[in-house]
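Residue-level structural notes
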Amino acid sequence: VYCRFGTGEEHAEHPLSWPELERLAAIFHRLGIAKYRLTGGEPLLRSGITEYVRFLSELGAQDIALTTNGHLLAPRAAELARAGLRRVTISLDSLDTQKFARITRVANGLEHVLAAITAAQAAGLTPIKVNVVLLRGYNDDEIESLAAFARERDLVLRFIEFMPLETGSLWKPELVVPMEEVLERIGKVYPLEPLPLRVAETARRFRFRDGAPGQIGIVAPVTSPFCNQCSRIRLTADGKLRTCLFSLREWDLRAALAESEAAAEQLLCRAVYLKDERHHIGEQSFTKPARGMVQIGG
């Protein structure tokens, strides 16, 4: 509900071919980009993803991660790990079957996601990050139980403030559950202590003071923007470059690549040089990008 209409018709048109993706990855690698995350949409829906992970690994990528809804991961976790995948991030917005179905519009989906976590741990795709998008009135009553789940399963459980990414108009400021509220509520049950902030990290991380396994992460782009720490760029499924999820400008890397690899490299460098200083979520000047996440994939 927070990223798509649910009509079944949303997809990126004319996605990049695997040869195009390989050529672009080689350019990124030459420019010093060492960490790659395969996301979407749902990356495991696309045939050839395991071979692309292997390509990135053989290219020399230092870190390859994958963000998934978990529904297709369990039977493929081991093969992805063998291909060179290092880590996974799995979406899990509720531990309640009915609530999970309400948020995801998928009946009986929770069992697949829980199986994915187990399979990913068995395959060594750790530490596993579990993303929880909090929406007031939907799942904010589960903050404490989700924290307990992180302790039980040794997970990096990340609470993410609701952002205006969806294709509809669900986002409202009052639906955002702010970082300070999350920390206060967890701290009353499981006292936390902060972990050092790593270079270019977008999440605030905390460990349990009693030494229990697992961590709590807070991604708070609405109430505590981290734009000055963010070094991420995103290649959309159809070949556009975004230097921020909320960029109003997209750079056509596919067209540049068709001209030459030198042209694509030059365009990439220019896009990064002109990266937006910050987003404007919650401000009167905020303008939502013309294409939401579900249209761009990537």
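Up top is the structure these notes are about.
Residues numbered from 1 in each chain as written. Predicted model: local features only at pLDDT ≥ 70, side-chain atom pairs only at ≥ 80, totals over all residues. Heavy atoms only, no water.

1. Description of the side chain of Arg242
As for its position among the elements, Arg242 is in strand β10 (residues 240-242). A relative accessible area of 3% means that Arg242 is categorised as buried. Among the polar contacts made by the side chain of Arg242, one reaches the side chain of Glu250 at a distance of 3.0 Å. (Helix = DSSP H or I, 4+ residues; strand = E, 2+ residues; numbered from the N terminus. Buried < 20%, exposed > 50% of the residue type's maximum accessible area, 1.4 Å probe, protein only. Polar contact = N/O pair within 3.5 Å; in protein donor to acceptor, adjacent residues only side chain to side chain.)

2. Considering the sheet that holds strand β5 (residues 156-161)
Taken in spatial order, the eight strands of this open sheet run β1-β2-β3-β4-β5-β8-β7-β6, and their pairing is mixed. Taken across any chain shown, the strands that pair with only one partner, and hence form the sheet edges, are β1 (35-38) and β6 (192-194). Each strand axis lies, on average, 25 degrees off the axis of its neighbour in the sheet, ignoring direction. As judged from the three bridges shared by strand β3 (residues 87-91) and strand β4 (residues 129-134), these two strands associate in the parallel manner. Paired with Ser91 across the two strands is Asn131, which belongs to β4. Sheet strands touched by helix α5 (residues 110-122): β3 and β4. Its angle to β3, the strand with the most contacts, is close to 165 degrees. (Pairing = 2+ DSSP bridges. Axes fitted to C-alpha atoms, helices over the stretch in contact; angles between N-to-C directions. Contact = heavy atoms within 4.5 Å.)

3. Some thoughts on the packing of helix α1 (residues 18-30) against helix α2 (residues 49-59)
Packed helices, taken two at a time, are described by the angle between their axes plus the distance between the axes. Following both chains from N to C, one finds α1 and α2 inclined at 25 degrees, their axes separated by 11 Å at the closest point. One finds that α1 runs roughly parallel with respect to α2. Judged by the sense of rotation from one axis to the other, the crossing of α1 with α2 is right-handed. Of α2, the residues touching α1 (which contributes Trp18, Leu21, Glu22, Ala25, Ala26 and His29) are Ile49, Tyr52, Phe55, Leu56 and Leu59. When the residues that make up the contact of α1 with α2 are grouped by side-chain class, the tally is nine nonpolar, one polar and one charged. (Parallel < 35°, antiparallel > 145°, perpendicular 65-115°, else oblique. Left-handed = near helix turned anticlockwise from the far one by under 90°. Nonpolar A, V, L, I, M, F, W, Y, C, P; charged D, E, K, R; others polar.)

4. Brief notes about the pairing of strand β2 (residues 63-68)
Here β2 lies mainly inside the structure; six of its six residues are buried. The two faces of β2 match: Asp63, Ala65 and Thr67 on one face and Ile64, Leu66 and Thr68 on the other face are all buried. Here β1 pairs with β2 via four bridges, running parallel. Counted as the bridge partner of Arg37 is Ala65 from β2. Since β2 and β3 lie parallel, the crossover through helix α3 (residues 77-83) that links them has a hand, and here it is right-handed. (Right-handed = clockwise from strand over helix to strand, strands pointing away.)

No statement about biological role is implied by the geometric values presented.
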